[in-house]
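Okay, here's what each chain looks like letter by letter:
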Amino acid sequence: MHRVASVGNTNNNSTRPRKEKRLTYVLNDSDDTKHCAGINGLAVLKHAVSDGSDYLFTGSRDGRLKRWALSEDAPTCSATFESHVDWVNDAVIVGDNTLVSCSSDTTLKTWNALSNGTCTRTLRQHSDYVTCLAAAGKNSNIVASGGLGGEVFIWDLDAALAPVSKFNDPMVDDSSNGMKGSGNLRTVGSSNNISVQTTQTEGYIPISAKGHKESVYALAMNEGGTILVSGGTEKVVRVWDTRSGSKTLKLKGHTDNIRALLLDSTGRYCLSGSSDSMIRLWDIGQQRCVHSYAVHTDSVWALASTPTFSYVYSGGRDFSLYLTDLQTRESSLLCTGEHPIVQLALHDDSVWVASTDSSVHRWPAEGYNPQKIFQRGNSFLAGNLSFSRARVSMEGSSPVPVYKEPTLTISGTPAIVQHEVLNNKRHVLTKDTSGSVKLWEITKGAAVEDYGKVSFEEKKEELFEMVSIGTWFSVDTRLGSLSVHLDTPQCFYAEMYSAELNIAGKPEDDKVNLGWETLKGLLAHWLIKRKQRIGSPASANAELLSGKDIAARSLAHSRIDVDGNSENDVMVYPPFEFPVGSIPSIITEGIEGGPWRKRVTDLDGTEDEKDFPGWCLDCLLNNRLPSREATKCSFYLHPCEGSTAQILTQGKLSAPRILRIHKVINYVVEKMVLDKPLDSVADGSFSPGLAGSQLQLQAVGDGSFRSGFKSWQKLRPTIEILCNNQVLPPEMSLATAKTYVWKKIEDLVLHYRVVQGR
């Protein structure tokens, strides 16, 4: 399991300033109907009351769940459930149409399984990643959850989903980022005695089954919801009474982590799969292991049984799916894939197989009569020692798979597994699991080049630019796609001239703050919706269908509650141009609730300080940026050694880091040609350094001269600027010269020489 700090963590040390909450946007690939990371959870809903269809639900490491309408030809994605901000680790169906999911974001979420993706409640109780779930029979409302913190909670969903008080309970949110309530807390002490702590409102806290000292990776519950079994890194199976949360017994025998558990409908028999490669059958009443099955050659991660608990399907780290008769110990290799198997779900005569890949496959399973598979031959007798199966495999007598190809595949898109932020601080180079290399422009929200299967390192070298831009964002790919993190005030550190960004109709010397413009482009849809809600006249074509539409409309609609004293306009550039089928998601946190996630086009304009970080709203609505560190570059400007050029100044100069060398050239030209002191003629690019000249040094615009000069004053000498005896290109910035040419800690030293003219 990966471990990632939660979004918007605050610093509990009162002596340090509180860390501002961050805003993250997730850039998806070209097909948003597909998962882009491994599948951790599977759940089947049969004969849904809406239209009689069967549905498969998939929960992915991309943080989303999807509902697939099943048909013999091609399953179709009929809904995406998006609210978790980290991996979805498991999913179960409870009752007729409630979907429950758990995540590495430490929450459980409940959903209307037949909706278009509505999260009905967020349940917060775990202190670490929630790794697994278990549900009772179809008509029950009992769900158990386990996680890395060694915690196991037993939830009564009827009580948990009841209306709650609005302000007091941080454990239960009314929606993905909504209301809260509190209630009765039942805890189980070391003596298994239950103590009740009653709070003042009618909210709900689950039963805590205490006993695990280490991480929990597997849970299972009987049909009646009265017995719960759990397992994890302690290598034992613990048995619980769900009505009280008390421990009843523990089953010892495995020699490594327990990764999968099953209970029969009565709760008498338990199956366990372990990283020791063994499957064990336990008689809970007799408190002993009845059989052990050496089927796999590596860790067993997934189990599924027939309704009669006579046969078990198993998959794991060895990429293989087996069927085993629990009584006769006869076993058969059904298929072998290309990725470790993480989850299984039986569906009629087939079995759905999820793996660390983003695709899901359906294989024949003869679920109604598994004996048919053994009648085909190629079966073997499962041993009772783990090394015996491994030894058989090493000796070259591995079984032949019964099936070569799946009957159906729900394809995903390759996950991004490698990335490099290029030094222009706008492009990110990525490589996915298929080996494809792409170039993303994060200020546009889209992949702008697909290079195919080329060398990542060679392409990175090819795209290298000798530029130096301030770091204003960070990136990770833990969700299988690009997650771009914006933290204040760092996200406002990078500026460029409009000429460098090829902005039409904008003076080339205007400065563009990359973080500010990107934030406005990303949330242009929200700005438009908010404008409509507060009563401003709305465009007749305000509904947006694509990123390009958002960018176009935002030019006319993004002036909302603008601070008239702002020195920058609010035109959105560069525009977000994400494909209509691949809409970016927002992950952030406000002053209430916890982190939340939504597609940008799902924002309805009602989101405010409860939902967004304050600095983000201040930037978008008031055009106010937080105070930032000075982005100046100090340097000395001297004539080249042996040159007859006049000495312009002995002092240290200071200018913006993004100032280009052609402006330094213009400055030298002006100082040499003009017969009177410079006054304010441009954007104030130059100023004396702290210990430098007392002259009022300012830069000219693009070398254009003021009218009224004598003809000889308009004669323009040709000047070159050098650093370390290297002529600097006019388009190079001071920061780039400092980074790649000077390469010294002390102040940059530039020299000038006259090549032609005065």
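Under an unreviewed UniProt entry, the name given to the chain is Putative transcription factor WD40-like family, and the source organism is Lupinus albus. Note on the chain: under the UniProt heading Sequence similarities (unreviewed entry), the record states "Belongs to the WD repeat WDR48 family."

What follows covers the pattern of salt bridges. Enumeration over the complete set of coordinates arrives at 28 salt bridges. As a salt-bridge pair, Arg238 and Glu234 come within 3.4 Å of each other at their nearest N and O atoms. For Glu234, a relative accessible area of 17% translates into the label buried. For Lys610, the salt bridge is made with Asp608, and the minimal N-O distance between the two is 3.0 Å. A relative accessible area of 22% means that Asp608 is categorised as partly exposed. One network of salt bridges, in which partners are shared, links Asp32, Asp62, Arg64, Glu82, Arg597, Arg599 and Asp602.

Strand pairing in a sheet takes place through backbone hydrogen bonds and is either antiparallel or parallel in direction. Pairing in this open sheet of five strands is antiparallel, and the strands run E27-E28-E29-E30-E34 from one edge to the other. Strand pairing shows two members of the sheet lacking a second neighbour, strand E27 (300-305) and strand E34 (380-381), which therefore form its edges.

Here we take up the pairing of strand E29 (residues 320-325). Within a regular strand, the side chains alternate between the two sheet faces. Burial analysis of E29 places six of its six residues in the buried class, the great majority of the element. Neither face of E29 is exposed, since Ser320, Tyr322 and Thr324 on one face and Leu321, Leu323 and Asp325 on the opposite face are all buried. Of the pairings in the sheet, the one linking strand E28 (residues 311-316) to E29 comprises five bridges and is antiparallel in character. Looking at E29, one finds that Tyr313 is bridged to Leu323. What sits between the antiparallel neighbours E28 and E29 is a turn of three residues, in which Phe319 has the positive phi angle 70°. Bridging between E29 and strand E30 (residues 330-336) involves five bridges; their strand directions are antiparallel. Following the sheet pairing, Leu321 is matched in E30 by Cys335. Linking two consecutive strands that pair antiparallel, namely E29 and E30, is a turn of four residues; a positive phi of about 70° is found at Arg329 within it.

Conventions we followed
Residues numbered from 1 in each chain as written. Predicted model: local features only at pLDDT ≥ 70, side-chain atom pairs only at ≥ 80, totals over all residues. Heavy atoms only, no water. UniProt positions renumbered as here; feature names shortened; annotations may be inferred. Salt bridge = Lys/Arg side-chain N within 4 Å of Asp/Glu carboxyl O. Buried < 20%, exposed > 50% of the residue type's maximum accessible area, 1.4 Å probe, protein only. Pairing = 2+ DSSP bridges. Helix = DSSP H or I, 4+ residues; strand = E, 2+ residues; numbered from the N terminus.

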